[in-house]
Amino acid sequence: MKTIMSQPARPYIRMNGAGNAFIVVQAFEAPFHPTEAQVRALADPAAGLGGFDQLIGVEPSESADAFMRVWNADGSMVETCGNALRCVGWLLLEATDKEEVVIDTLGGPTTARRASGRVGSGASEGPPTAAIHEVTVDMGAPRLDWSEVPLSEDMDTRGIELQVGPIDAPVLHTPGAVSMGNPHVVFFTDQQDDAFVRGSGSLVEHHPLFPEGVNVGFANVLDRNHIRLRVWERGAGLTLACGTGACAALVATARRGLTDRRANVIVDGGTLVIDWDEASGHVFMTGPVEIEGTGFLPVA
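Owing to the predicted nature of the structure, the values given are computational and were not obtained by experimental measurement.

### Regarding the overall build of the protein
Part 1: The number of helices and strands found in the protein is four helices and 18 strands.
Part 2: Computed over its C-alpha atoms, the radius of gyration of the protein comes to 19 Å, within 12% of the 19 Å expected for a compact globule of 300 residues.
Part 3: Based on the C-alpha atoms only, the size of the protein along its principal axes is roughly 55 × 45 × 40 Å.
Part 4: Long-range contacts, defined here as pairs at least 24 residues apart, represent 62% of the contacts in the protein between residues at least 6 apart.

### Brief notes about the state of the cysteines
Part 1: Going through the model one piece at a time under the given rule, you end up with zero disulfides.
Part 2: Take C87: it sits in no disulfide, and the sulfur closest to it among the cysteines is that of C81, at 8.1 Å.
Part 3: Residue C87 is classed as buried on the basis of its relative accessible area, which comes to 0%.
Part 4: Free cysteine C247: the closest other cysteine sulfur is in C242, separated by 8.7 Å.

### Looking at the packing of aromatic side chains
Part 1: A complete count under the given rule lists three aromatic pairs for this structure.
Part 2: When the ring of F196 is compared with that of F218, the centres are 6.0 Å apart and the planes differ by 70 degrees; the resulting orientation is edge-to-face. With F196 in helix α3 (residues 194-205) and F218 in strand β13 (residues 215-223), the pair connects residues that are 22 residues apart, well separated along the chain.
Part 3: For F196, a relative accessible area of 12% puts it in the buried group.
Part 4: Taking NZ or CZ as reference, R261 lies 4.0 Å from the ring centre of W276, over its face.

### What about the domain arrangement of the protein?
Part 1: Domain annotation for the protein reports domain 1 (11-139 + 288-296) and domain 2 (146-281).
Part 2: The gap between the C-alpha centroids of domain 1 and domain 2 is 23 Å.
Part 3: Facing 20 residues of domain 1, the contacting portion of domain 2 comprises 21 residues.
Part 4: Between domain 1 and domain 2, roughly 1300 Å² of surface is buried when both sides are summed, and carbon and sulfur atoms account for 51% of that area.
Part 5: Among the residues domain 1 hides against domain 2, the three largest losses belong to A18, E79 and M139. Together they make up 35% of the total.
Part 6: Summed over the shared surface of domain 1 and domain 2, the number is one salt bridge.
Part 7: Joining domain 1 to domain 2, the criterion identifies five residue pairs in polar contact (both at pLDDT 80 or more).
Part 8: The dominant element in the side of domain 1 that touches domain 2, judged by the number of residues it contributes, is helix α2 (residues 82-96), at three residues.

### With respect to the side chain of D138
Part 1: Tracing the backbone shows D138 in strand β8 (residues 131-138).
Part 2: The side chain of D138 sits in the buried core without any salt bridge; R113 is the nearest counter-charge, 7.9 Å away.
Part 3: A distance of 2.9 Å separates a polar atom in the side chain of D138 from the backbone nitrogen of G140.
Part 4: A polar contact is formed between the side chain of D138 and the side chain of H282, at a distance of 3.0 Å.
Part 5: The residues touching D138, leaving out its near neighbours within four places in the chain, are T110, T111, H282, V283 and F284.

Parameters at a glance
- Residues numbered from 1 in each chain as written.
- Predicted model: local features only at pLDDT ≥ 70, side-chain atom pairs only at ≥ 80, totals over all residues.
- Heavy atoms only, no water.
- Helix = DSSP H or I, 4+ residues; strand = E, 2+ residues; numbered from the N terminus.
- Rg over C-alpha atoms; globule rule 2.2 N^0.38 Å.
- Contact = heavy atoms within 4.5 Å.
- Disulfide = S-S within 2.5 Å.
- Buried < 20%, exposed > 50% of the residue type's maximum accessible area, 1.4 Å probe, protein only.
- Phe/Tyr/Trp six-rings, centres within 6.5 Å; stacked < 30°, edge-to-face > 60°.
- Lys NZ or Arg CZ within 6 Å of the ring centre and 35° of its normal.
- Domains from an automatic or database assignment.
- Buried area = accessible area lost by both parts, 1.4 Å probe.
- Salt bridge = Lys/Arg side-chain N within 4 Å of Asp/Glu carboxyl O.
- Polar contact = N/O pair within 3.5 Å; in protein donor to acceptor, adjacent residues only side chain to side chain.
- Lys, Arg positive; Asp, Glu negative; His and termini not counted.

This is the structure:
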């Protein structure tokens, strides 16, 4: 039998945030550092975990309640994940009974708190008894300078010099660029079908303008308070939701005057409320968290 994990069997919690699927592993007592090949093997449906968008390790931190490490399904380690922050935040809130917890990541620290508690049950995916909770995460201030996204050259990030399609008739052009602890580019378009998002997203993800790769958003502004969003995630592909992508979309549309600073961002897995607070400059994301089940990671 092929080895998936060379470490002893570890318990995990399967969670989702607006449909964004995670396997969360507690690593307070013993380190959890799977290789890229091991992450890819765990993400394979044959591993028996049901597949996932990201694998999450929750580690001790000297400066926060925990450190969250994130691997995409392709094995790459990334800076942060907004939907995972809500999931890990809820676990820490339950474990500590605090009103607010601090979670550190490679993209920087953030805070999480309960929003309105239980908002429903019986989600369409998962067991009928699954409870859905609402968590608000302070995602911090967006990073808007070209060097912070980062881009490979100096540009105005309200609308960068990038297009997809023929030079004289591009199908996508002049997107906004934002870092929410990880890099995002946001196109303003009503073209959001699967084939278009996959084709365009996979093309832009590794464009040389983005030295660290990029998450690619396709934002259709419905009105000043509603955005329909689909995201091609760097290293994960087309997913049901992307929390940092929703934050980036709101920031990018607000900077262009297309929306207000607070809006409902509708993703495939549900709706996230994004508020770019004018006083603090921070972006706050509120959305659902659900526990789908538990188990043990497979070993040889």
